[in-house]
Every structure is written in structure tokens, then in C-alpha cells.
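Each chain, written out:
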Amino acid sequence: MSKKPATKDALPAELLKDIRALIEQAHQQTAIAVNAGLTIMYWRIGQRIHAEVLGGERATYGEQIVATLSRQLVAEYGRGFAEKNLRHIMRFAEIFPDEKIVYALSRQLSWTHFRSLLYLDKPLQRDFYAEMCRIEGWSTRTLRERIDSMLYERTALSKKPDELIRQELATLRSQSEVAPALVLKDPYLLDFLGLTDRFLERDLEDAILRELETFLLELGAGFSFVARQKRIQLDGDDFYIDLLFYNRKLKRLVVVELKQGNFKPEYKGQMELYLRWLAKHETESGENPPLGIILCAGKNSEQIELLELDGAGIHVAEYLTVLPPPEVLHKKLHEAIATAQARIEAKGGEA
């Protein structure tokens, strides 16, 4: 049977597909270029105004110059240059003084991203969110959610001395490699599981698997689920890993053990057994050694410090199935950061 001849108006499918791809690529590149140009323009405007205001001899001079300039710019270019926005632009240039860094970030971060960062209190906190946003491609909404959940304050990174934090962020900026301290958290917020005060470890595990997608988001970027209750056989005995994940950014397997009560020292030996077995039997060439996360309802920082768990690749963290009021969580996290940093500094002083 002969093939039906193609109609006069028919297009080869591959041709249309390729042309569409070229158009979409051009649109995307144009949007990136426009965003970068807009961001750099705002930064340079902020720098110029900031220099003018600092040059004034009277405090009221700054207020007058910004208000007058805003009225003129609004008349010529629209409401985007209202006085409030000009003050955002000035703040932008003040807290991001390096144009090269702004230019690099502007390839991934929009002006609305930068707006979300302008009034964060600590420079290291801003740098963390800016770099993680660049690396992971967060939307503005995601960035704001991460800030609201106090992600930075919950990372292992925030518990380190400021100089070490700067070094970690500098490495992230130059090499785009995510270290474990940027991924591991304490506490983990598991309020989405819908658990009450009374539940068993099995209930916690079941709830996590029901809400696996949300749990993966809470774990952080790069995590994928591998197994539940993975069996390990040693000398005729069976052992079971609660949850096993793989993190492609860290290039390593990650064991998650769930504990209903407070941390106990014997959990270290159990986790070390799992990690060493995985390193021997499951880790592939080019991968890093496995990490362990022990999730507990509570923990004793002094016990964990004495056990030197960080050196064993084990991270102990609390989980919260019911969130406290924001001000309580904020206070608790900042107290934990201050305590951890004081311990590290005291240990360094003893050395």
C-alpha cells in the first residue's frame, strides 16, 4: 500500500521542535540580560545617591535630596522610582558594596530576590541566602519561605565561628560546591506530618513516607529517597536502617535514624555500624563517605560534644512535630547558635 503524500502545508516535526527551542532559548537569555541590566542599574543609582547623601553636611539634606529626586524621576520614568523604592535601592548599594558580586548574582537573582534580602540583620545571613538562591535556583517565593522558616539559623553552618562561616561561603561562591554544613539542620520542622504528642517511631516513619515530597524539601536540595528499613546482615544477625537517602550535591548516601525520645550515647555505635557497612558495600567509586542523621525529640549538647560525632560523620538533630510561636523558635535558635559558638571558641582557647 503506497504512503499518503504529505500535504503542501505540512512541516517536519523536528524542524518545528528545533525552531521552538531556539525561540525559547532566546527569550530566556533576553530575560536574564534584562534582569541583570535592571539590577545593575539599580545598584549604580543607589551608589550615586548614597555618595551624594554622604557628601551633605546636614542630616536633613539626605531626606530632601531623596524626596526631590524621587518626584523628578517619577514624573519622567514612572512610579518605579517612588521615594520608598529609592530607599530600597540605596540600601541595596549599601549592603552589597561589591559590583562584581552583584553582577554575578544578578544572572540568577531578580530584583525581587534582592529586595527580600535587603533588611536581614546579619551580613553572613544575607550572603548565605544569596549564594544558596544562586546555586539552587530558588524562586522569590521559595526564598521568602526559607527565610521565614529560619533556614540559616537551623543549618550546621550557623553554629560555627564567623570566620569559618565566611570561608565556607567563599568556597561556595568560587566553586559552587555545597558542603554538609550548608545542608544539615537542627531542628528539622516536621509539623506537616500532623502528628500529636503521642506517637511511636513507626508512626513517625509512616508519616514521613506519606509526606515524602515535603520531607525531602525539609531535608534540603539534592536529596532522593533510596529505601525504607534497608536490611543489613552481619554474622547471621539482621539490622534495619530506618530511612536511606542519596544526596547528589554531597555525592554520598545519607542514613536517617528516627528516635522517639532523647538522644542516647549508644545511638552512636549503631549509626557507625550502618555507615561503615554502607561505605564497604554500597558506596561507589567517586562518591564521598556516607553521612548519618539521628533525629531525636531532644538532645544533650555536652554528650554530643564529648562523643565527637562530627568527626564520625554523624549529625544529631531535634525534630519538631508541633511548631512553637515564632518568637520562641527565634529565641531558641539564637541561644543554640550562641552556645555552640561559645563552645567552639572555648575549645580553641584550650588548644
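By convention here, each chain's residues receive numbers from 1 onward along its written sequence. The predicted nature of this model means local features are confined to residues of pLDDT at least 70 and side-chain atom pairs, given and counted, to a pLDDT of 80 or more, with totals for whole chains, interfaces and linings taken over all residues. Excluded from the side-chain calculation are hydrogens and water; included are all heavy atoms of the structure.

Looking at an unreviewed UniProt entry, one finds the protein chain named Cytoplasmic protein and attributed to Candidatus Gallionella acididurans.

A. Layout of the layout of surface pockets. Put simply, the largest pocket is a space of about 1,200 Å³. Taken together, the elements giving at least two residues each to the lining of the largest pocket come down to α9 (162-175), α10 (180-183), β5 (291-296), α14 (301-307), β6 (314-320) and α15 (326-350). For the lining of the largest pocket, the leading source of residues is α15, giving 9 residues. In the scheme used here, Gly and all other residues not listed as nonpolar or charged are polar, with Ala, Val, Leu, Ile, Met, Phe, Trp, Tyr, Cys and Pro taken as nonpolar and Asp, Glu, Lys and Arg as charged. The residue makeup of the lining of the largest pocket, split by class, is 18 nonpolar, 7 polar and 15 charged. What marks off one domain from the next here is an automatic or database domain assignment. Composition of the lining of the largest pocket by domain shows at least three residues from each of domain 2 (120-182 + 325-350) and domain 3 (184-320). The space that makes up the second largest pocket amounts to roughly 480 Å³. The rule is simple: put a 1 Å grid over the protein atoms alone, call a set of points where a 1.4 Å probe fits but cannot get out a cavity, call an open set with protein on both sides within 12 Å along at least five of seven lines a pocket, and count a residue as lining if it has an atom within 4 Å of a point. Taken together, 22 residues line the second largest pocket, and the ones lying closest to its centre are Arg146, Ser149, Arg154, Leu217 and Glu218. Grid points are joined across faces, edges and corners, and a volume is the space filled by probe spheres set on the points. We count a stretch as a helix when DSSP gives it H or I for four or more residues in a row; a strand needs E for two or more, and each element gets its number in order from the N terminus.

B. Layout of the packing of helix α6 (residues 123-136) against α9. For helices, the axis comes from a line fit to the C-alpha atoms of the stretch in contact; other axes are also lines fit to C-alpha atoms, and the angle between any two N-to-C directions lies between 0 and 180 degrees. Axis separation between α6 and α9 bottoms out at 10 Å; the angle between their running directions is 25°. Here α6 lies roughly parallel to α9, going by the angle between them. Here the hand of the crossing between α6 and α9 comes out left-handed. Of the residues in α9, those in contact with Leu124, Asp127, Phe128, Glu131, Met132, Arg134 and Ile135 of α6 are Asp162, Ile165, Arg166, Leu169, Leu172 and Arg173. When grouped by side-chain class, the residues that make up the contact of α6 with α9 number 7 nonpolar, no polar and 6 charged. We call two directions roughly parallel when the angle between them is under 35 degrees, roughly antiparallel when it is over 145, roughly perpendicular when it lies between 65 and 115, and oblique otherwise. Throughout, a crossing is termed right-handed when the near helix is turned clockwise from the far one, and left-handed when it is turned anticlockwise from it by less than a right angle. Whether two residues are in contact is decided by their heavy atoms: any pair within 4.5 Å suffices.

C. The arrangement of the pattern of salt bridges in detail. Note on definitions: salt bridges are taken to be side-chain nitrogens of Lys or Arg within 4 Å of carboxyl oxygens of Asp or Glu. One pass over the structure, following the stated rule, counts 16 salt bridges. Of the charged contacts in the structure, one is a salt bridge between arginine 134 and glutamate 131, with a shortest N-O distance of 2.9 Å. Of this pair, arginine 134 and glutamate 131 both sit in helix α6, 3 residues apart, which is roughly one turn of that helix. Glutamate 131 sits in the buried class, given a relative accessible area of 2%. Overlapping salt bridges bring together Glu131, Arg134 and Arg173 as one network. Remark: exposure states derive from per-residue accessible area (1.4 Å probe, protein chains only) relative to the maximum for the residue type, with buried under 20%, exposed over 50%, and partly exposed in between.

D. View of the domain arrangement of the protein chain. One can read the domain layout of the protein chain as domain 1 (20-97), domain 2 (120-182 + 325-350) and domain 3 (184-320). The gap between the C-alpha centroids of domain 1 and domain 3 is 46 Å.

E. Broad picture of the packing of aromatic side chains. Only centres within 6.5 Å qualify two rings of Phe, Tyr or Trp (six-membered ring in Trp) as a pair; their planes then separate them into stacked at under 30 degrees, edge-to-face at over 60, and tilted for everything else. Within this structure, the stated rule accounts for 13 aromatic pairs. Between phenylalanine 96 and phenylalanine 114, the ring centres sit 5.5 Å apart and the planes meet at 85°, which makes this aromatic pair edge-to-face. Linking phenylalanine 96 in the loop between α3 (83-95) and α4 (99-106) with phenylalanine 114 in helix α5 (residues 111-117), this pair joins segments that are 18 residues apart in sequence. The exposure classification of phenylalanine 96 matches that of phenylalanine 114, with both residues buried.

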